[in-house]
Amino acid sequence: MVGVKLVPSPDDSSRLVPSTPPELDGRKGIQKGIVADPPAAGGVCRTQEAHSGPGQLPLLETVAATQVLGAGWSAPAGPYLIDFCGGPGSLPNVSAQRLLAGDLIPELVTGRCVLVGTRAPAIGSGFHTPTTASRRMALLEYQGHALNTLLADRVIREPDSLTRLAIILSLLFVCASVSRRATLQLSFWLTLVVIGFHALVSATALVGFRTWLPVSENVVGLVALMVFTVRGRAIEVTASLKNLISESAGILKDKCWPVHGQDVDTTWSLVAGMIDQTLDLKRLIFLQVDPGSSRLKTILALHCSIDDMAERRRDSTRPPYKDAINAKGPIVVENFLGTPQKGERQYLIPLVFCGELLGFWAMGIDSAKLAAIPEFESLLHDYTSRMGELLHQAMDVSQSGGIDARAKLRFGAGGSSEPQSNLKSTLNLLQHRLGALDVLINSLDAGVIVFDIFGRILQINDIMLSLLKKESLVPFDMSALDVITTLSDFDLSRARKLLRRVIVESLPVSFPVKLRSSPGSRYLFHLKPLREISRKDERGRSRQGGGKEHSLRAGGHHINGNSPRNEAPTDRKALHATP
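Residue positions are counted from 1 within each chain, in the order its sequence is given. Residue-level local features of this predicted model are given only where pLDDT is at least 70; pairs of side-chain atoms are given and counted only at 80 or more, and the full residue set underlies all totals for whole chains, interfaces and linings. Excluded from the side-chain calculation are hydrogens and water; included are all heavy atoms of the structure.

Draft legend 1. Spotlight on the overall build of the protein. When its secondary structure is counted, the protein shows 16 helices and 18 strands. Burial classes: relative accessible area under 20% of the type maximum marks a residue as buried, over 50% as exposed, and values in between as partly exposed (1.4 Å probe, protein chains only). The burial tally for the protein puts 35% of its 579 residues in the buried class. Contact definition: two residues touch when any of their heavy atoms are within 4.5 Å. Pairs at least 24 residues apart make up 58% of the contacts formed inside the protein by residues separated by at least 6 positions. The method behind every accessible area is Shrake-Rupley, applied with a 1.4 Å probe, and residues are considered shielded solely by the protein chains displayed. Accessible surface for the protein amounts to roughly 33,700 Å². Of this, 56% is attributable to carbon and sulfur atoms. Here a helix means four or more residues in a row that DSSP labels H or I, a strand means two or more in a row labelled E, and each is numbered from the N terminus.

Draft legend 2. View of the layout of surface pockets. Of the pockets and cavities examined, the largest pocket occupies roughly 990 Å³. If you trace the largest pocket, you find 30 residues lining it, with Pro92, Asn93, Val94, Val114 and Leu115 closest to the centre. Going through the elements one at a time, helix H2 (96-100), helix H3 (106-109) and helix H4 (139-151) are the ones with two or more residues in the lining of the largest pocket. With six residues, H4 is the largest single contributor of residues to the lining of the largest pocket. Residues are said to line a cavity or pocket when one of their atoms sits within 4 Å of a point; the points come from a 1 Å grid over protein atoms alone, cavities being sets where a 1.4 Å probe fits but cannot get out and pockets being open sets with protein on both sides within 12 Å along at least five of seven lines. Grid points are joined across faces, edges and corners, and a volume is the space filled by probe spheres set on the points.

Draft legend 3. How the structure looks around the pairing of strand S9 (residues 283-289). Here S9 lies mainly inside the structure; seven of its seven residues are buried. Alternating positions in S9 separate into two faces, Arg283, Ile285, Leu287 and Val289 on one and Leu284, Phe286 and Gln288 on the other, with burial throughout. As judged from the six bridges shared by S9 and strand S13 (residues 356-366), these two strands associate in the antiparallel manner. Looking at S13, one finds that Arg283 is bridged to Gly364. Where S9 meets strand S10 (residues 296-302), six bridges bridge the pair, whose relative direction is antiparallel. Bridge pairing links Ile285 to Ala301 in S10. Hairpin connection from S9 to S10: six residues lie between these consecutive antiparallel strands, with Gly292 at a positive phi of about 90°. In this scheme, strands are said to pair when DSSP sees at least two bridges between them.

Draft legend 4. Representation of the sheet that holds S13. Strand order in the open sheet formed by five strands is S10-S9-S13-S12-S11, and the pairing between neighbours is antiparallel. Here the strands that pair on one side only, and so sit at the sheet edges, are S10 and strand S11 (331-333). Across this sheet, the average inter-strand angle for adjacent strands is 25°, counted without regard to direction. Inspection of the sheet shows S11 paired to strand S12 (residues 344-353) by three bridges, in the antiparallel sense. Within S12, the position partnered with Ile331 by the bridge is Leu348. For helices, the axis comes from a line fit to the C-alpha atoms of the stretch in contact; other axes are also lines fit to C-alpha atoms, and the angle between any two N-to-C directions lies between 0 and 180 degrees.

Draft legend 5. Examining the packing of aromatic side chains more closely. Stacked, edge-to-face and tilted labels apply to pairs of Phe, Tyr and Trp rings (six-membered ring for Trp) whose centres lie within 6.5 Å, assigned for plane angles under 30 degrees, over 60, and everything in between, in that order. Overall, the coordinates contain nine aromatic pairs when judged by the stated rule. Look at Tyr347 and Phe376: their rings are 5.5 Å apart centre to centre, the planes differ by 55°, and that puts the pair in the tilted class. Of the two residues, Tyr347 sits in strand S12 while Phe376 sits in helix H11 (residues 376-400), which places them 29 residues apart along the sequence. Comparing Tyr347 with Phe376, the two get one shared label, buried. Ring geometry for Phe511 and Phe525: centres 5.2 Å apart, planes at 35°, overall tilted. With a gap of 14 residues between them, Phe511 in strand S16 (residues 509-515) and Phe525 in strand S17 (residues 518-531) connect regions that are remote in the sequence. Grouping aromatic residues by their ring pairs yields a cluster made of Phe84, Phe127 and Tyr142.

Draft legend 6. Quick look at the side chain of Thr384. Position of Thr384 among the secondary structure elements: in helix H11. By relative accessible area, Thr384 is classed as buried at 8%. Here Leu380 takes part through its backbone oxygen, which lies 2.7 Å from a polar atom of the side chain of Thr384. Residues contacting Thr384, with those up to four places away along its chain left out, are Ile349, Pro350, Leu351 and Trp361. Pairs of N or O atoms within 3.5 Å make up the polar contacts considered here, provided that, within protein, one atom can donate a hydrogen while the other can accept it, and that residues adjacent in sequence are counted only when both atoms are side-chain atoms.

Draft legend 7. Geometry of the packing of helix H15 (residues 480-487) against helix H16 (residues 492-503). It is at 10 Å that the axes of H15 and H16 come closest, and there the two elements cross at 125°. As judged from the angle between their axes, H15 and H16 are oblique. Note that H15 runs across H16; the crossing there is right-handed. Between H15 and H16, the contacting residues are Ala480, Leu481, Ile484 and Thr485 on the first element and Leu492, Ala495, Arg496 and Leu499 on the second. Oblique is the label for any angle not under 35 degrees, not over 145, and not in the 65 to 115 range, which are roughly parallel, roughly antiparallel and roughly perpendicular in turn. Each helix crossing is assigned a hand: it is left-handed if the near helix lies turned anticlockwise from the far helix by less than a right angle, otherwise right-handed if that turn is clockwise.

In structure tokens form, the structure reads like this:
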């Protein structure tokens, strides 16, 4: 049999017909098969056609397989995947010179089909196959693998398009359903497991059943699903985090900021009045930083005129403003407010809160009055810190549109485009408030220790800590019950009864204790419930329940009498109790 190519018909150039070599023209008993380049997908040849041309003429490999396998064999209806066996060079091949020289081993070709043609392609010719790397496969070798696949009945089948689509959709549906309920880490490992399992199933189907299941499409689909899952989760987490940050920042500000600090103009006036009343200044001027630039604008002048300022540049990046920022506190300036009055000393102080420059305040004070104020610069630092905190809140509320804007911010209807910055400033504010609370508790004359409802220590002041250390006690390793039984003569039964009275009945309890470190002194120990503050609306009705205890406060103080004092009942509406 002879392989021929399809060429244009001499009668009609638009029609392709098999070509006939002149030396074979008219000879009978010679079968012809079409020789055509294999189809390529993505530059790689994996399949071969069983028929080609307008008349669906059989290819050379199909004609040879039909002659060998007999009439009962039927060729594939369409393109078929080739089993390349061992890859390039795995089929026996003999050069024409060796054949003509008579060196051909008979056993090598006995009972085999032999293809004769060009073995080595020219540079750059040939075909890329799944088994080739840098080199290409010649057409003759490609035909040999195609014929070998037909003769050995190793044609690899592919499922139809609907079946492949169903497999992909099933895998994606399973992974998507699990990923919605699983964590991102579990979703990632699930995707890898599914990809590995599918690859194993595909390999088993290929080896055992000669069926090629889609792999690359499924892998791409699963990876894309994982990417979209991660992206969707990231968007959800980001949105939830922004809402949480905005809501938390709004709630904390509402609780921590004073009501009178919610208007910028009013706040400047309040600050100026407070400073004038306490320091008795000669002159005072406030400068505010223009948002988005380093320019300064004059806000308020007290006991002087804005025109008194000798400094006209008013840029925070230039001296003396830059010098005050670098000093992080008050600096002495000369002629900043114009020619100094008799005995006047002038200061320039930056207003900074949470790393944000809000403005400056300049003041002139009589030198004699300044000398009469102890630690004057330390006092200016303290004033500046309080003023910066108050002004920051007032400016923030003003820029965000007040309480209504913060409410919209909580419900996602608008707000700051930088929630992280907003949360940072709010947390700094909360830290300031908690620091002030620690100072307040430590400034009490009585020892205080706060437990939660489970008996764990929440807070303890220095007096109580020192008192317990003198008794060789480690309070952080003790519960409320341990403290009661250790400091008093009560047994466990009576101590539990006292705790139930405080926690369940919300009643204060007082009892005397004697300390080994102070044998000549007597102390009165108080246990009081700390409860939520009830908020009243305009009609005086409670909006939230306050009857459930959240923590205990134990306090003790020294008494000089021979018997303990019974303390008056505590107001049920209060969160604190004074020992």
